[in-house]
Each structure stands twice: as structure tokens, then as C-alpha cells.
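Residues per chain are reported as follows:
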Amino acid sequence: MTIPAEGPDSDSDLLAAVRSGDTAAYGTLYERHRAAARQLAYGLAHDPADAEDLVAETFAKVFASLRAGRGPLVAFRAYLNTTMRHVCYHRARRDRRLEFTDDLTRYDEGQPFTDPALEGLERAYAAAAFRQLPERWRDVLWQTAVEGNSPAEVAGMLGMTPNAVAVLAHRAREGLRSLYLQQHLAVADHPECRWAGDRLGGHLRGRLAPRDAGRMRTHLGWCGECRGRFAEISEIDGLRHRPYRQRHHAGRPG
């Protein structure tokens, strides 16, 4: 991609045009972000037809929001992906079968709802990120985070001091987090965008070398597409999951 972020075809300019009634501008946004949307949809939906329906419904909802004067001013893809997750979540709630029962006690304190499709996708992202870590980092993460061993216990297994294990575990967690965020990004076309895309997670976590950090800031200064990707993973990194809680509003039986 060679068009600067301030050019006439930037996402922000297209969003403004849609709000002004230019439906063709939304067609450009659709063509630009359709592949990334389908990639996410196929991770959320098990059936290809459901995935295509999810893409269509998501783009329709975002278009309706923009025409109503709502929706994003920037970071269109981040907004699109968030909308798709919400659509998927509400579909899962809608499609659950009703259960008729006289026993409502389990609803008294509210029951957390977890979307299995979203949960499965996030697990797949985490597993893919874990596989990309160096073997030493995988070992120390497995022992500390999964097995629950202390640095002192792991030290004997790996031939390290407890302090070295703690430092390595911290680096491994940061590396895993950066790689996990990378899984949410679609592949870019332009070589400089591919370079930036491979490092956006590390940039967000403050893990880039000074020279690479400077190059990244320069790139984000002119590339609207990569700024959108950075906004997307920033949103993901900052998410605080608040599970849906289903509550029975009638009073408890006496």
C-alpha cells in the first residue's frame, strides 16, 4: 500500500464520505476489509454458510450505523471486528434452545455466558502463538503457568537459578502476549506493511529495539492501514471480558 493516510482514499475519508451519503465509499471499504472479515468469520462460525452470513450481517450493521451518524471515525477494521464478535455473540444467545424448568435457583446469582465459538478461536490463537516461542521459553512457561511450579522448583529441572527462571518466565509471557496479538492481524500486501505487521504486537508491548521502534513510529505516521491494525490489537489487548450474566428477576420462592 502506497497511499498515504491523508490521501483521498484513506479509511477515515471514506468513513466521512459514507456519512455524507456516498454509498460507493462503503463499497470501497467493503472490498478493502472483506478478506480480513471473512478470515475472522470463518474462525467464529463452524459452517461456511454461517460465516458468510456473519460477514454480510456485520457489514450491514456497520453501514446502518454510519448512515445514522454513529460508528467509527477511524480504525474501521477494529470496529468491524468488534461488531462481528457482538453479532456472533447475540446469534449464539438467540439460537440457544429454551429450557423449561421449575427450578430457577441456579439463576438466582446469575450465570456467566461464554461463547464457545469465540472461546475456541482465542484458544487457537493462543496455541499458535505458543508454538512460535523458542523451545526454552515454552518449557519455562509450561512449568510455571500450566504446571504451577515455582521458579525454585523449575530451576532444578532446567539447570538455572530461580532468579534466572523468573526473568525468563517474564520474557516468555511478554513474547507470548505479543505473538498472541499478532494472530488477530490480517496479512498485509506492501513489504513495509508486512514488516510493520510482524512487529505491531511487540510495538504495543514496548518490546521493540529503539531503531525498530523509530521505524515503526515513522511507518504508522503515514500508513492509515497499519494504524487501523494497531488500533485493532490495542483494543484486543485492553479488553476486559465481562461475561453475560443471566438473572432471574422474580423473587426467590419463600
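Higher on the page you've got the structure.
Computed from a prediction, not measured in an experiment: that's the story for all the values here. (Residues numbered from 1 in each chain as written. Predicted model: local features only at pLDDT ≥ 70, side-chain atom pairs only at ≥ 80, totals over all residues. Heavy atoms only, no water.)

Novice: Go over the overall build of the protein with me, naming the residues and quoting the values.
Specialist: A tally of helices and strands in the protein yields 12 helices and two strands. Element order for the protein, N to C, with α for helix and β for strand: α-α-α-α-β-α-α-α-α-α-α-α-α-β. When each of the 254 residues of the protein is scored for burial, the buried share is 39%. A fraction of 65% describes how many contacts in the protein between residues 6 or more apart in sequence connect residues 24 or more apart. Accessible surface computed for the protein: about 14800 Å², of which carbon and sulfur atoms make up 52%. (Helix = DSSP H or I, 4+ residues; strand = E, 2+ residues; numbered from the N terminus. Buried < 20%, exposed > 50% of the residue type's maximum accessible area, 1.4 Å probe, protein only. Contact = heavy atoms within 4.5 Å. Areas by Shrake-Rupley, 256 points an atom, 1.4 Å probe, with all protein chains shown as cover.)

Novice: Explain the nonpolar core to me, and be specific about the residues and the numbers.
Specialist: Among the nonpolar cores identified, the biggest contains 23 residues, and Tyr26, Leu29, Leu54, Phe59, Phe76 and Met84 are the most heavily contacted of them. Residue contributions to this core peak at seven residues, all from helix H2 (residues 23-44). With sequence-adjacent residues up to four places away left out, Met84 is seen in contact with Ala37, Leu40, Ala41, Leu44, Leu54, Val55 and Thr58. One finds Leu133, Leu141, Val154 and Ala155 within the second-largest nonpolar core, a separate group that totals 11 residues. (Core = buried A, V, L, I, M, F, W, Y, C linked by side-chain atoms within 4.5 Å.)

Novice: I'd like a description of the packing of aromatic side chains, backed by residues and values.
Specialist: For the coordinates displayed, the defined rule picks out four aromatic pairs. Judged by centre distance (4.8 Å) and plane angle (45°), the ring pair of Tyr26 and Phe63 falls under tilted. Within this pair, whereas Tyr26 is found in helix H2, its partner Phe63 is found in helix H3 (residues 48-67), the two being separated by 37 residues in sequence. An angle of 70° between the planes, with centres 4.7 Å apart, marks the rings of Tyr30 and Phe59 as edge-to-face. Of the two residues, Tyr30 sits in helix H2 while Phe59 sits in helix H3, which places them 29 residues apart along the sequence. Judged by relative accessible area, which is 28%, Tyr30 ranks as partly exposed. Given a relative accessible area of 4%, Phe59 falls into the buried group. Of the aromatic side chains, those joined through ring pairs into one cluster are Tyr26, Tyr30, Phe59, Phe63 and Phe76. (Phe/Tyr/Trp six-rings, centres within 6.5 Å; stacked < 30°, edge-to-face > 60°.)

Novice: How would you summarise the pattern of salt bridges if you had to cite specific residues and measurements?
Specialist: Pairing between side chains becomes possible if they bear opposite charge and their charged atoms approach one another. For the structure shown, the criterion picks out five salt bridges. In this structure, Arg38 engages Glu52 in a salt bridge whose closest nitrogen and oxygen atoms are separated by 2.7 Å. With Arg38 in helix H2 and Glu52 in helix H3, the pair connects residues that are 14 residues apart, well separated along the chain. Here Arg38 falls in the partly exposed class, since its relative accessible area comes to 32%. Using a relative accessible area of 31% as the deciding quantity, one classes Glu52 as partly exposed. (Salt bridge = Lys/Arg side-chain N within 4 Å of Asp/Glu carboxyl O.)

Novice: Report on helix H11 (residues 210-222), specifying residues and quantitative values.
Specialist: The end-to-end C-alpha separation of H11 is 19 Å, in line with the 18 Å expected for 13 residues at 1.5 Å each. Residues of H11 that are buried: Ala213, Met216, His219 and Leu220. The arc that holds every buried residue of H11, seen down its axis, measures 125°, which confines them to one face. Along H11, exposed side chains directed more than 90 degrees from the buried face belong to Pro210, Arg211, Arg217, Thr218 and Gly221. (Expected span 1.5 Å × (residues − 1). Arc of directions from axis to C-beta.)

Novice: Please set out the packing of helix H1 (residues 11-19) against H3 residue by residue, giving values where relevant.
Specialist: At their nearest, the axes of H1 and H3 sit 8 Å apart, and the two run at 70° to each other. Relative to H3, H1 is oriented roughly perpendicular. In the packing of H1 onto H3, the handedness of the crossing is right-handed. Judged by residue contacts, Leu15, Val18 and Arg19 of H1 engage Phe63, Leu66 and Arg67 from H3. A breakdown of the residues in the contact of H1 with H3 according to their chemical character gives four nonpolar, no polar and two charged. (Axes fitted to C-alpha atoms, helices over the stretch in contact; angles between N-to-C directions. Parallel < 35°, antiparallel > 145°, perpendicular 65-115°, else oblique. Left-handed = near helix turned anticlockwise from the far one by under 90°. Nonpolar A, V, L, I, M, F, W, Y, C, P; charged D, E, K, R; others polar.)

Purely geometric numbers; function is a separate question.
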